[in-house]
Amino acid sequence: MKNKLGIIILSSFLALVSAYFIIITLISQGVQSDAEAMATDASGKIDYVKKQKYLDSLWTQPVVDFLGFQLTFKELKEQELHLGLDLQGGMHVVMEVSPVEIIKTLSANNTDPRFIKALNMSVEDSKNSQKKFTTLFYENFKANLPDTRLAQIFANSVNKVSLNFNSSDEEVLKVIDNEIEGAISRSFQILRTRIDKFGVTQPNIQRLKGTGRIQLELPGVDNPERVRKLLQGTAKLEFVEVWEGDKFGPYFDALNKFLVKQEQRTGGFDIFKDKIDTASATSDAGDSAVAKDASDKLFATSPTLPAAPTTTISPLGGKKDSITLASSKTQSEVAKSDSASKSQSKTLAKLFVPIYNGVGANVTDTGKVNKLFNMPEIKAILPSNMKILWAVKGIQAEDGNEYLPLYFIKRTRDGKAPLTGEVIVEARQDFDQSGQAEVNMQMNAIGAKKWRKLTQQNIGRRVAIVLDDYVYSAPVVQGEIPNGNSSISGNFSVDEAKDLANILKAGKLPAPTRIVEEAIIGPSLGAEAISQGYLSTLIGLVAVIIFMILYYNTGGGVADLALFINLFFIVGILTQMQAVLTLPGIAGIVLTMGMAVDANVLIYERIREELRAGRTMIQAIGLGYQRANSSIVDANATTFLVGAILAFYGSGPVQGFAVTLMIGIITSFFTSVYITRIVFEAWAHSKSANLISFSNRITDKLFGKSEMDVVGLRKYSYMFSSIIIIIGFVCIFINGGLNLGVDFKGGRSYVVKFDTPVVASEVREAVLGNFKNTGTEVKTFGSDDKLKINTSYLYDDETEEGDKAVETAMMKGLQKYANLHPTVLSTSKVGATIADDIKQTSLLSIVLSLAGIFIYILIRFRKWQYSLGAIIALFHDVLMAIALTGVLASCGIIYEIDQVYIAAILTVVGYSINDTVVVFDRLREFISDNPRAEVSSTINLAINNTFSRTIITSVTVFLVVVILYFFGGEVLKGFSFVLIVGVVFGSYSSIFIASPIVVDFQRKKALEAKPIASK
């Protein structure tokens, strides 16, 4: 074997990396287990707030000394294997940015009925179309206003910088597209900032490819209503004055005196434990004695930060030089100078650090700072028109910590900002005369008047740009800006300037977001999913291990060793890639265990053939690996192709399954082909070489010499398959169609638990009336005391009010079961628009998988008949799975057609092609050796020679999917059923459908009718 040393080095490296990340995961889980134990009371109830506080306290603290490296809990969490929401509970939300409001704003809220009609028609069309919204709008615009150019609507004061009356329709559409894209990016930034308020560990936010949608995952969320309100609230952009040091200093000094007084009275004041003596709030803290351990400095720590940025705002085209704040002391300077001779508060020293021209705090201490300033006693010291806001972006210091600047904002008497964002006409990134990035901002007449007054009063001071109570920038005012045209400059990168310009448009272009998909999973359901996933994995692993040893003797033991290494690599690589492990991902691991031995089966069957031909063990091993290689490559490549398509078009759990499957294919190929060969070659040259065996007395003669005339039986095969498929589709027709899940038809789904078992049909009758007799399905979910309730009631109402109305109607219907305490464990919602998209992408993924396999087979085998035979066989397997789903539905066993079901269909496609490719590969080999052989005889010989491999592989995969069906939980029932059908009929179609199709579509060679001899 060539490159043996390289394989050993690579294996060792992968093992070390995998071991590191697995150990990190175990340590992190141990810390979280400790936190949960600490937060669990005597009754077993977990205080999640207490648990989170404990974990927050460890966030930047070293919790482990690993191989000489100290790791904080934050570093552990960043490197551990992440669990999906279906395994740990939480909230999954997909939000969509509405382009309608943006287009209305760009049109200056045009009221032409034809324009409004075109917009409304576009909204309806978008529910059943993959076209861009602007394309649909333009089509409807031309249909309703055929003689009107877009510029006649959109060349107005809102877009005077970008458009004029002579602008072409293409130019207008480009501007609209850019503004919609900007609105999506802005919403993404705003949502990313807002999710920080939830206090959840490892929130995830990402833009969904090719859509105007944003996906958020919030683990551990326990207040979904608060999340909905916060996510869907309209962004609020404000321009406000900043209290500089000379104005704020006296208040900070008073705060320091007051806290010193409290610390002296309590002997060590802790704002989180000790109650403040309100009577002392007005006392003279200056007379108090110096605290025993008071610091000589105001701040205990002074982190080393990057160079301070200089950001200024000036009239457009005006002076750009930054000014020195000679008369404006910074907050920290004032506090230090005014209090240097007095005792210093330990609380201030602990919480605050000097940041540039102000103060800030470690990101882990922001909650404590907020609590301090929200105390009534502290509020009494500070002026009523002062508001404390954080910067949106932290600063990374050399000590590895992140610090957030704190701003003290001045409000007007009525609590409002002196200027808000709706006055902005335009904001864009530009370059100044020296080539530095800047932001140019223009305001309308009303805004320009207020802006002039605000800048006049704050020359040499900062004005903060605030969005959703976060400070995005606080430039120093260079001079009075009379006309509303301003330039914001500083040490901006181009991207930073673009981001700030985009944020400023939050006032000009409000971009409402709505929730179009939602899922809430309770922690108890997640814990149940974890236990089911672990159990199914363990049982599947044991089953495969036992089977391989029983069938292949010591060779099976080596395959089992490779399987263990494979699982080790999969988990390690998943962790290293920061991938998320979901319940379908666990299913992917279980499935990989069955498919991983496929390569070993191919190799072992080849070795057994060589041994029967009289080769020595060393020769047989070498030839077995060599001759099985092409089949293994083709089989894995086709399955990987399907996995890649699933990963690209799938979302959430389906994507997690696809990623796990692809990783498993790569690692199983590596372990089965290379690692086992190294083991066998070393073993074959050792003293115990005689112990190597690939069979026993029973398995050596189990299949004997198969002589099936598959080609001769092909008409009966076609007839058998046709009858089953026809019966299945008749059942589907009689049942009124397939049972589409919420994914595909829209609506809401609830998992409800009762104290004791209930009858699903009776519960359906109870809730149906409250759902106005709309489509409603109730079925047992895992156990008789849990039900899954799906309803299309108000499916097109995606508002929060609609969510409440549906859940209220359900709970009202469940009133008769009030004594059984019905509890909602999880909820999910899919809007009508996104349901249509899911259907279309699911269909597209199936079509692309079949097309990709057709092309791959054509390239590899160079005859379209092979590709056609493979595709017909795969299509047969898909129809068979759907047909049998319909047959079982007629028997009362109902499976939902959802994204996970489609993932199973595609997995069947990937698995089934393995068997077909192996037969084709052997066929190609025989034809290469005997090019004049008759096709039918050659195909029969190829099938018979690979028959044992087909059966053994099918048995191993069948074992694990049956185990997955019974132990993987209710969520994976439909998934496992499709795989069971796929394994059985995939093997059947590879033998009785794919190869005979090649005969029917290929011209029979008459040059030599004599069958070739068996190899």
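A. Broad picture of the sheet that holds strand 5 (residues 204-207). Spatial strand order, 5-6-4-21-26-23-25-24: eight strands in an open sheet with antiparallel pairing. Looking at strand neighbours, the two that pair on one side only are strand 5 and strand 24 (776-781), the edges of this open sheet. Strand-to-strand, the axes of this sheet are offset by a mean angle of 20 degrees, without reference to chain direction. Here strand 4 (residues 90-97) runs beside strand 6 (residues 213-219); their pairing, made up of seven bridges, is antiparallel. Bridge assignment links E96 to a residue of strand 6, and that residue is R213. Here helix 10 (residues 224-232) sits on the sheet in contact with strand 4, strand 6 and strand 21 (513-521), set at roughly 160 degrees to strand 21. Where helix 26 (residues 800-813) meets the sheet, its contacts fall on strand 21, strand 23 (747-753), strand 25 (783-791) and strand 26 (823-830), and the angle it forms with strand 23 comes to roughly 40 degrees.

B. Expanded view of a nonpolar patch on the surface. On the surface, L538, V542, I546 and L550 cluster together to form a nonpolar patch covering roughly 380 Å² of accessible area. For V542, the position within the fold is in helix 18 (residues 523-576).

C. Layout of the pairing of strand 25. Most of strand 25 sits out of view: seven of its nine residues are buried. Note that strand 24 and strand 25 share six bridges and pair antiparallel. Across the sheet, V778 pairs through a bridge with I789, a residue of strand 25. What sits between strand 24 and strand 25 in their antiparallel hairpin is a turn of one residue, with G782 showing a positive phi close to 85 degrees.

D. Region of interest: the environment of M38. Tracing the backbone shows M38 in helix 1 (residues 4-38). Residue classification places M38 among the partly exposed positions, given a relative accessible area of 31%. Put simply, M38 and Y54 are 16 residues apart on the chain and 8.5 Å apart in space, counted from C-alpha to C-alpha.

E. Up close: the pattern of salt bridges. One pass over the full model with this rule turns up 22 salt bridges. Its salt-bridge partner being D253, residue K257 comes within 3.5 Å of it at the nearest N-O pair. Of this pair, K257 and D253 both sit in helix 11 (residues 245-266), four residues apart, which is roughly one turn of that helix. Judged by relative accessible area, which is 9%, D253 ranks as buried.

F. Examining the nonpolar core more closely. Y604, F680 and F975 are the most contacted members of the largest nonpolar core, which has 128 residues in total. A per-element tally of this core places helix 29 (residues 899-929) first, with 18 residues. F680 has contacts with G555, V558, Y604, I621, Y625, I692 and F694, leaving out every residue within four places of it along the chain. Formed by 39 residues, the second largest nonpolar core is a distinct cluster that contains V97, I103, F141 and V175.

G. Just the packing of aromatic side chains, in detail. In this structure the tally under the stated criterion is 29 aromatic pairs. Judged by centre distance (5.8 Å) and plane angle (50 degrees), the rings of F137 and F141 are tilted. Placement of the pair is F137 and F141 together in helix 7 (residues 133-144), with a separation of four residues, close to one helical turn. The two residues F137 and F141 agree in class, both being buried.

H. Fine view of helix 7. An ideal rise of 1.5 Å per residue puts 16 Å on 12 residues; helix 7 measures up with 16 Å between its terminal C-alpha atoms. Those residues of helix 7 lying buried are F133, T134, L136, F137, N140, F141 and N144. On an axial view of helix 7, the arc spanned by its buried residues comes to 155 degrees, and they lie on one face. Packing partners of the buried residues in helix 7 comprise helix 5 (99-106), helix 6 (113-126), helix 8 (151-154) and helix 9 (169-194).

Reading the values: the criteria
- Residues numbered from 1 in each chain as written.
- Predicted model: local features only at pLDDT ≥ 70, side-chain atom pairs only at ≥ 80, totals over all residues.
- Heavy atoms only, no water.
- Pairing = 2+ DSSP bridges.
- Helix = DSSP H or I, 4+ residues; strand = E, 2+ residues; numbered from the N terminus.
- Axes fitted to C-alpha atoms, helices over the stretch in contact; angles between N-to-C directions.
- Contact = heavy atoms within 4.5 Å.
- Patch = residues over 30% accessible without salt bridge, like charges linked within 9 Å, V, L, I, M, F, W, Y side chains within 5 Å.
- Areas by Shrake-Rupley, 256 points an atom, 1.4 Å probe, with all protein chains shown as cover.
- Salt bridge = Lys/Arg side-chain N within 4 Å of Asp/Glu carboxyl O.
- Buried < 20%, exposed > 50% of the residue type's maximum accessible area, 1.4 Å probe, protein only.
- Core = buried A, V, L, I, M, F, W, Y, C linked by side-chain atoms within 4.5 Å.
- Phe/Tyr/Trp six-rings, centres within 6.5 Å; stacked < 30°, edge-to-face > 60°.
- Expected span 1.5 Å × (residues − 1).
- Arc of directions from axis to C-beta.

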